[in-house]
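Summary of the model geometry
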Amino acid sequence: MMDTTLLLEPLLLLAVGMLASICGAVAGLGGGFIIVPVLAFLYTIPVASISGTSMAVLFVSAISSTIAYARQRRIDYRSGLAFSVAMIPGSVLGALTTTVVGSRTFFVALGIFLMIMAVMINFKPTSSRGGWLRPNTHHRLIDQSGQVHEYSFNMWFGCVVALFVGFLSSLFGIGGGSVMVPTMILFLAFPPHIATATSMFSILLSSFVGTISHVSLGHVMWDKFIWLAIGALVGGQIGARIASKIPAKAVVRVLAVCLFVVAVRMLFKG
């Protein structure tokens, strides 16, 4: 008789990949904030393997979500490309750093990081800030439904944050959207739906570099990746469709709660 454990594990990973991709696509956070804690609780494996596997799944999820968002015409390609280029150096450095970060330090740092993001993501300005956040770029987008989105922001500030995001994304394997989306909404005055779509596009480009770095270092657990990736492909499409139908404010609040719960669990794990 077939061992039920051997059958349940792929189904569990498939479900986790789908759930992570749906949640990640809805608010542009990537989904790694679900995959990383699940892998950490299910398996006793090195931190580098957790980050590497999550990053590889994130890349697959980003492909699926970006395709769906492109059809909705909600991606700011110019900003997304600029942010992703800035993320690339950080992605490579983050992959290298995972080999020297201890497990306890990793989990505590991740928990604190996610808790901060859970609070920050609830704030949304009506316009971009002044001073060193003074807008120097103005964009106008018309999505598939005909809705016009106009916003002004400081591109240089966005790129500096993206460099830091690339490092955290590859180090923790959780996707840079956890920092990038709150930054785009809170400091750059991006409309929430444009921020989430553009974030997934940026993650697609930067996570490719991060994934290649982790693969070259032998950090990806391919037996786990396959099932997580299949779920992520399906979930990315579903999440992008859900995001187009619900209020951005409701999405942000739900995701903030999810981030906070995961953060608490990571702190106890550490």
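Quick look at the structure, then. For clarity, every value in this text was computed on a predicted model and none was experimentally measured. (Residues numbered from 1 in each chain as written. Predicted model: local features only at pLDDT ≥ 70, side-chain atom pairs only at ≥ 80, totals over all residues. Heavy atoms only, no water.)

A look at helix H4 (residues 77-97)
To be explicit about the condition: In this text, helices come from DSSP runs of H or I with a minimum length of four residues, and strands from runs of E with a minimum of two, each type numbered from the N-terminal end. Take the residue count of a helix, subtract one, and multiply by 1.5 Å to get its expected span. The angle separating two fitted axes, one through the seven residues that finish at a residue and one through the seven that start at it, defines the bend at that residue. Think of it in three bands: residues with accessible area under 20% of the maximum for their type are buried, residues over 50% are exposed, and the middle band is partly exposed, with areas taken using a 1.4 Å probe on protein chains only.
Over its 21 residues, H4 runs 30 Å from end to end, which matches the ideal 30 Å to within 8%, given 1.5 Å per residue. The largest bend in H4 comes to about 35°, at Ile88, with the proline Pro89 one to four residues further on. For H4, the complete set of buried residues consists of Ser79, Gly80, Phe83, Ser84, Ala86, Met87, Gly90, Ser91, Gly94, Ala95 and Thr97.

Some thoughts on a nonpolar patch on the surface
Heads up, the condition is: Here a patch means residues that are over 30% exposed by relative accessible area and free of salt bridges, tied together within 9 Å if like-charged and within 5 Å if nonpolar (Val, Leu, Ile, Met, Phe, Trp, Tyr). Values of accessible area rely on a 1.4 Å probe in the Shrake-Rupley scheme; residue burial ignores everything except the protein chains shown. The term salt bridge refers to a pairing of a side-chain nitrogen on Lys or Arg with a carboxyl oxygen on Asp or Glu at a separation within 4 Å.
A cluster of nonpolar side chains, Leu233, Val234, Ile238, Ile242 and Ile246, forms an exposed patch at the surface whose accessible area comes to about 350 Å². For Ile238, a relative accessible area of 33% corresponds to the partly exposed category.

A closer look at the pairing of strand S2 (residues 148-153)
Heads up, the rule is: Pairing between strands requires that DSSP locate at least two bridges from one strand to the other.
Residues of S2 alternate between two faces, with His149, Tyr151 and Phe153 buried on one and Val148, Glu150 and Ser152 left unburied on the opposite face. Pairing of strand S1 (residues 137-142) with S2, which is carried by 6 bridges, proceeds in the antiparallel orientation. Residue pairing across strands places Arg140 opposite Glu150, the latter belonging to S2. Counting the residues in the hairpin turn of S1 and S2 gives 5 residues, including Gly146, whose phi is positive at 95°.

Things to note about the packing of helix H2 (residues 32-42) against helix H3 (residues 47-72)
Our working definition: Only the stretch in contact is used when a helix axis is fitted, and all axes are lines through C-alpha atoms; the angle between N-to-C directions ranges over 0 to 180 degrees. Take the far helix as the reference: if the near one is turned anticlockwise from it by less than a right angle, the crossing is left-handed, and if turned clockwise, right-handed. By definition in these notes, contact holds between two residues if any of their heavy atoms fall within 4.5 Å. Charged means Asp, Glu, Lys or Arg here, nonpolar means Ala, Val, Leu, Ile, Met, Phe, Trp, Tyr, Cys or Pro, and polar covers whatever is left, Gly included.
Running from N to C, H2 and H3 cross one another at 145°; their axes reach a closest spacing of 9 Å. The handedness of the crossing between H2 and H3 comes out as right-handed. Facing H2, whose interface residues are Gly32, Ile35, Val36, Leu39 and Ala40, H3 presents Ile50, Thr53, Ser54 and Val57. A breakdown of the residues in the contact of H2 with H3 according to their chemical character gives 6 nonpolar, 3 polar and no charged.

Some details on the packing of aromatic side chains
Aromatic rings considered in pairs are described by the distance between their centres and by the relative angle of their planes. Filter applied, for reference: Each Phe, Tyr or Trp ring (for Trp, its six-membered ring) is paired with any other whose centre lies within 6.5 Å, and the angle between the two planes then decides the class: stacked below 30 degrees, edge-to-face above 60, tilted in between. Look at NZ for Lys and CZ for Arg. If either is within 6 Å of the ring centre and within 35 degrees of the ring normal, a charge sits over the ring.
Counted under the stated rule, the structure contains 7 aromatic pairs. Relative to Phe153, the ring of Tyr151 lies with its centre 6.0 Å away and its plane at 20°, an arrangement referred to as stacked. Note on accessibility: Tyr151 and Phe153 belong to one class, buried. An aromatic cluster is built from Tyr151, Phe153 and Phe190, whose rings are joined through pairwise contacts. The ring of Tyr43 has Lys224 lying over it, and the distance from NZ or CZ to the ring centre is 4.6 Å.

Description of the nonpolar core
Our working definition: For this analysis, a nonpolar core means a set of buried residues of the types Ala, Val, Leu, Ile, Met, Phe, Trp, Tyr and Cys, connected via side-chain atoms within 4.5 Å.
Counting residues in hydrophobic clusters, the biggest one holds 54 residues, and the most contacted among them are Phe83, Leu114, Met180 and Phe190. Sequence-distant contacts of Phe190, that is, excluding residues within four places in its chain, are made with Asp76, Ser79, Phe83, Tyr151, Phe153, Met184, Ile185 and Ala195.

Re helix H9 (residues 222-243)
For H9, built from 22 residues, the straight-helix expectation of 32 Å at 1.5 Å per residue is met to within 8% by its first-to-last C-alpha distance of 30 Å. The largest bend in H9 amounts to roughly 25° and is located at Gly235. Of the residues making up H9, those classed as buried are Lys224, Phe225, Leu228, Ala229, Gly231, Ala232, Gly235, Gly236, Gln237, Gly239, Ala240 and Ala243.

Notes on the environment of Gly177
For Gly177, the position within the fold is in helix H7 (residues 177-186). On the accessibility criterion, Gly177 (0% relative accessible area) is buried. C-alpha separation for the pair Gly177 and Thr196, spaced 19 residues apart in sequence, amounts to 7.9 Å.

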